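Observations on the three-dimensional arrangement
Spelled out from the first residue to the last, the chains are:
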Amino acid sequence: MTAVTDTRIPRLTTEPRDSMTVFLLGARVNALLRPRRWMWVGLAFNRMAAELRADPALGLLHSRSLPSVRGVTVIQYWESTAALLRYAHAETHSEAWRRFYRQGGDEVGLWHETYEIGLPQAEDADRAEDAGADAGKRRGYEAIYANVPPLGLGRALGTRPIGRDTHRALDRLALRRARAQGRANGRGGAKGAPGTAPAPDTPA
């Protein structure tokens with residue numbers, strides 16, 4: 001591709017950053033005619049967004065919401081996976097997840113995808129113990145889908161049920177690294193069989 005160096009179109013790039021975490025999350029309304037069963041989800045999203053805007057120390061760099069007829073997709077940029085998981089286990093987010101699983105039903109679905117980019121993050125050293133000596137050099141991704149049709153990574157790669165080894169977000173990140181290390185060492189790696197993931201017991 002030929003580089004364009006002379007143009008009247010203003011072009012920008014980003015400031016360099018060693019590492020960060022991109023987090024996609026969304027809600028999908030499956031029963032539009034039963035708003036009492038899903039309107040609380042939108043209120044919870046708004047409450048969390050306000051909390052994160054009010055305290056930059058929580059680690060959120062930027063967030064953008066993309067509403068649609070059936071719900072919303074939120075794109076977030078975090079300082080690190082550790083900051084994201086700290087917020088995921090804090091009270092506001094945890095209470096929303098507990099209500100979602102306690103309430104049950106299929107009127108609304110929730111999903112998220114986590115992508116680590118850039119250089120290894122500080123907490124990667126802890127994951128390397130289970131995922132191989134080179135695990136800290138690998139970037140991770142993980143996802144969870146509850147009451148939603150295949151989308152995003154689930155559509156691209158297929159899905160598998162949440163199990164004991166994929167219960168937490170950190171477990172899913174470490175599993176991806178372990179499989180990548182296994183393939184690098186010539187041991188191969190089992191691919192997840194397509195299926196529908198049941199709701200986990202914890203939010204992340």
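You'll find the structure just up there.
Cut-offs and rules
Residues numbered from 1 in each chain as written. Predicted model: local features only at pLDDT ≥ 70, side-chain atom pairs only at ≥ 80, totals over all residues. Heavy atoms only, no water. Helix = DSSP H or I, 4+ residues; strand = E, 2+ residues; numbered from the N terminus. Buried < 20%, exposed > 50% of the residue type's maximum accessible area, 1.4 Å probe, protein only. Contact = heavy atoms within 4.5 Å. Areas by Shrake-Rupley, 256 points an atom, 1.4 Å probe, with all protein chains shown as cover. Pairing = 2+ DSSP bridges. Phe/Tyr/Trp six-rings, centres within 6.5 Å; stacked < 30°, edge-to-face > 60°. Expected span 1.5 Å × (residues − 1). Arc of directions from axis to C-beta. Patch = residues over 30% accessible without salt bridge, like charges linked within 9 Å, V, L, I, M, F, W, Y side chains within 5 Å. Salt bridge = Lys/Arg side-chain N within 4 Å of Asp/Glu carboxyl O. Axes fitted to C-alpha atoms, helices over the stretch in contact; angles between N-to-C directions.

A tally of regular secondary structure across the protein chain gives six helices and five strands. In sequence order, the protein chain lays out its α and β elements as β-α-β-β-α-α-β-α-β-α-α. Taking all 204 residues of the protein chain together, the buried fraction comes to 40%. Within the protein chain, counting contacts between residues at least 6 apart in sequence, those at least 24 apart form 73% of the total. About 12700 Å² of surface is accessible on the protein chain, with carbon and sulfur atoms providing 55% of the total.

On to the pairing of strand S3 (residues 71-78), then. With six of eight residues buried, S3 lies mostly within the body of the structure. With eight bridges joining them, strand S1 (residues 19-29) and S3 adopt antiparallel strand pairing. Its bridge partner being in S3, leucine 24 is matched across the sheet by isoleucine 75. Taken together, strand S2 (residues 60-68) and the strand that follows it, S3, pair antiparallel across an intervening segment of two residues.

The tally for this structure, following the rule as stated, stands at four aromatic pairs. With a centroid separation of 5.9 Å and an interplanar angle of 90°, the aromatic rings of tryptophan 97 and phenylalanine 100 are classed as edge-to-face. You can see tryptophan 97 and its partner phenylalanine 100 sitting in helix H3 (residues 91-103), three residues apart, about one turn around the helix. The class for tryptophan 97 is buried, based on a relative accessible area of 8%. Taken together, the ring pairs in this structure connect Trp97, Phe100 and Tyr101 into an aromatic cluster.

The next subject is the environment of tyrosine 101. Residue position: tyrosine 101 is located in helix H3. Spatially, the C-alpha atoms of tyrosine 101 and alanine 146 are 9.5 Å apart, while their sequence positions differ by 45 residues.

A few words now on helix H1 (residues 39-54). Three or four residues apart is the spacing at which side chains of an α-helix point the same way, because the helix has 3.6 residues per turn. The end-to-end C-alpha separation of H1 is 23 Å, in line with the 22 Å expected for 16 residues at 1.5 Å each. Within the span of H1, buried status applies to Trp40, Val41, Ala44, Phe45, Met48 and Leu52. Down the axis, H1 shows its buried residues gathered within 145° of arc, on one side only. Away from its buried face, by an angle of more than 90 degrees, H1 presents the exposed residues Met39, Leu43, Asn46, Arg53 and Ala54. Taken together, the buried residues of H1 touch S1, S2, S3, helix H2 (81-88), H3 and strand S4 (108-118).

A cluster of nonpolar side chains, namely Leu32, Leu33 and Val69, defines an oily patch on the protein surface of about 370 Å² accessible area. Turning to its location among the elements, valine 69 is positioned in the loop between S2 and S3. Look at valine 69 and you get exposed, because its relative accessible area is 74%.

Spatial strand order, S2-S3-S1-S4-S5: five strands in an open sheet with antiparallel pairing. Unpaired on one side and paired on the other, S2 and strand S5 (141-146) mark the two borders of the sheet. Strand after strand, the sheet turns through a mean of 10° between neighbouring axes, direction not considered. As judged from the six bridges shared by S4 and S5, these two strands associate in the antiparallel manner. Looking across to S5, one finds that threonine 114 is bridged to glutamate 142. Docked against the sheet, H3 engages S4 and S5, running at close to 140° with respect to S4.

Along the chain, the position of serine 65 falls in strand S2. The exposure class of serine 65 is partly exposed, given its relative accessible area of 47%. Each C-alpha atom, one on serine 65 and one on isoleucine 75, is 6.4 Å from the other, the two residues being ten residues apart in sequence. Setting aside its immediate chain neighbours within four residues, serine 65 contacts Val72, Thr73 and Val74.

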